[in-house]
Amino acid sequence: MNNFEFLNVNRELFDLVQPLWEKLNKHHENNSNHFSSKFRNFKL
């Protein structure tokens, strides 16, 4: 069904993940009834 691949990467590749991480946190911040402040404070 779904295929996942896990990679061990160096910090240089964090720039590729950062926009996705920030969008996901924003989504949870906007949609969580109980933890929005927690997601607001998450930083990469």
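Everything numeric here is computed off the predicted structure, so don't read it as measured data.

**Focus on the overall build of the chain**
Per the secondary structure count, the chain includes two helices and zero strands. Taking all 44 residues of the chain together, the buried fraction comes to 9%. Carbon together with sulfur atoms contributes 53% to the accessible area of the chain, which is approximately 4600 Å² in total. Charge-centre separation for the chain: the mean point of 6 positive side chains lies 11 Å from the mean point of 5 negative side chains.

**Here we look at the side chain of Glu 29**
Structurally, Glu 29 can be placed in helix α1 (residues 14-31). Ignoring anything within four residues of it in the chain, the contact list for Glu 29 reads Ser 36, Phe 39 and Arg 40.

**Digging into a nonpolar patch on the surface**
There is a patch of nonpolar side chains on the surface, built from Leu 7, Val 9, Leu 13, Leu 16, Val 17 and Trp 21 and spanning about 550 Å² of accessible area. Turning to its location among the elements, Val 9 is positioned in the segment before α1.

Rules used throughout
Residues numbered from 1 in each chain as written. Predicted model: local features only at pLDDT ≥ 70, side-chain atom pairs only at ≥ 80, totals over all residues. Heavy atoms only, no water. Helix = DSSP H or I, 4+ residues; strand = E, 2+ residues; numbered from the N terminus. Buried < 20%, exposed > 50% of the residue type's maximum accessible area, 1.4 Å probe, protein only. Areas by Shrake-Rupley, 256 points an atom, 1.4 Å probe, with all protein chains shown as cover. Lys, Arg positive; Asp, Glu negative; His and termini not counted. Charge placed at Lys NZ, Arg CZ, Asp CG, Glu CD. Contact = heavy atoms within 4.5 Å. Patch = residues over 30% accessible without salt bridge, like charges linked within 9 Å, V, L, I, M, F, W, Y side chains within 5 Å. Salt bridge = Lys/Arg side-chain N within 4 Å of Asp/Glu carboxyl O.

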